[in-house]
Amino acid sequence: MFIDSHCHLDAYEEYSGEMLDVLFARLQAATDAARTAQNDTATYPIPDLSGPKTWSSSKSNAPDPNIRMPEAFIHVACDPKDLSRGVELIEKYPFVYGAFGIHPEYVDVTTPEDENRVVELLRHPKCVACGEIGLDYHYGADKKAEQCKLFERQLAIGIDSGKPLVFHLREADDDALRILRSANLHNRNIHVHCFTGSPEFVEELLNLDANVFIGFTGIVTFKSAQNVRDAAQLVPYNQLLLETDTPYMAPVPHRGKTCHPGFIPYTAQMLADIKKIPIDELYRQCRENTRKCYGI
């Protein structure tokens, strides 16, 4: 039983050309097939979906036994032009929840109206978080000052909302820690999503005066990502989150393909191996962590 705690479902449709109704039916069919084969009805409960339970021949010739349907999804709308689409998705699907914020890559195009819209959307009954917000110096190193100002404004909005905070922090450790340490994060739930940093950075994040959860994606399975596996080793069991960041960074052995939430079992198995615990225990703990972080 697991939730994809961070995905971009609208971008999945754009990247893959597959509609969400078809994806959900395909994932449900995979889960049903696995249940039948394993005679296990407890590990992977799924929502009741309408529509055909058939495989799309354009996507796969046979079910992947490692693919499962998540129990629920947290769709992250962080492009100003896609905020309304995020509302449509969380209102259409009972098992999709929303997070709303402005990603740092949109620092040049974000308007005060966009930020006011985020304030409004954070009041939506199916909005569970503010985000993803933060800093990205991998692609935006020439806009550091502007990114920091946007992050500080978005952080204040998120704190005022009382909702959990979802952070995108990439190659900006010093500025990120400076901003976070100066904010009032006491008792705030924080999801540092798609962690790609160093073990030293994860330790600094875990020491913040907040309820910090660290999310891992398919990157943890990449041969080149030993730093991420080393960081995961340092994260306590009760602070781990499973996510895909769909449609990006599909795990091995699907690396290079469009990622979707059904790939979470690959990430989960790697984390279970790192932690040296049974996969069912990893699922149980991460599901409880998601409940604590997001209330779902």
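Presented here is an overview of the structure given in this document. (Residues numbered from 1 in each chain as written. Predicted model: local features only at pLDDT ≥ 70, side-chain atom pairs only at ≥ 80, totals over all residues. Heavy atoms only, no water.)

Topic: the packing of aromatic side chains
Then, number 1: One pass over the structure, following the stated rule, counts 11 aromatic pairs.
Then, number 2: Judged by centre distance (5.3 Å) and plane angle (75°), the rings of F24 and F95 are edge-to-face. Pair noted here: F24 is in helix α2 (residues 20-38) and F95 is in the loop between α3 (83-92) and β3 (96-100), with a separation of 71 residues, a long-range link.
Then, number 3: Judged by relative accessible area, F24 falls into the buried class, the value being 2%.
Then, number 4: Classification of F95 as buried rests on a relative accessible area of 6%. (Phe/Tyr/Trp six-rings, centres within 6.5 Å; stacked < 30°, edge-to-face > 60°. Helix = DSSP H or I, 4+ residues; strand = E, 2+ residues; numbered from the N terminus. Buried < 20%, exposed > 50% of the residue type's maximum accessible area, 1.4 Å probe, protein only.)

What about the pairing of β3?
Then, number 1: The element β3 is largely enclosed, with a buried count of 4 among its 5 residues.
Then, number 2: Looking at chain direction, strand β2 (residues 72-77) and β3 are connected through 5 bridges and run parallel. When the bridges of β3 are listed, A77 appears paired with F100.
Then, number 3: Since β2 and β3 lie parallel, the crossover through α3 that links them has a hand, and here it is right-handed.
Then, number 4: Here 3 bridges tie β3 to strand β4 (residues 127-136), and the two strands are oriented parallel to one another. Opposite A99, over in β4, you have A129 as the bridge partner. (Pairing = 2+ DSSP bridges. Right-handed = clockwise from strand over helix to strand, strands pointing away.)

Looking at the environment of R170
Then, number 1: Structurally, the position occupied by R170 is in strand β5 (residues 165-170).
Then, number 2: With 103 residues separating them in the primary sequence, R170 and I67 have C-alpha atoms 28 Å apart.
Then, number 3: Beyond its immediate sequence surroundings of up to four residues, R170 is in contact with L135, D136, Y137, H138, Y139 and T196.
Then, number 4: Here H138 takes part through its side chain, which lies 3.5 Å from a polar atom of the side chain of R170. (Contact = heavy atoms within 4.5 Å. Polar contact = N/O pair within 3.5 Å; in protein donor to acceptor, adjacent residues only side chain to side chain.)

Nothing here speaks to function; it is geometry throughout.
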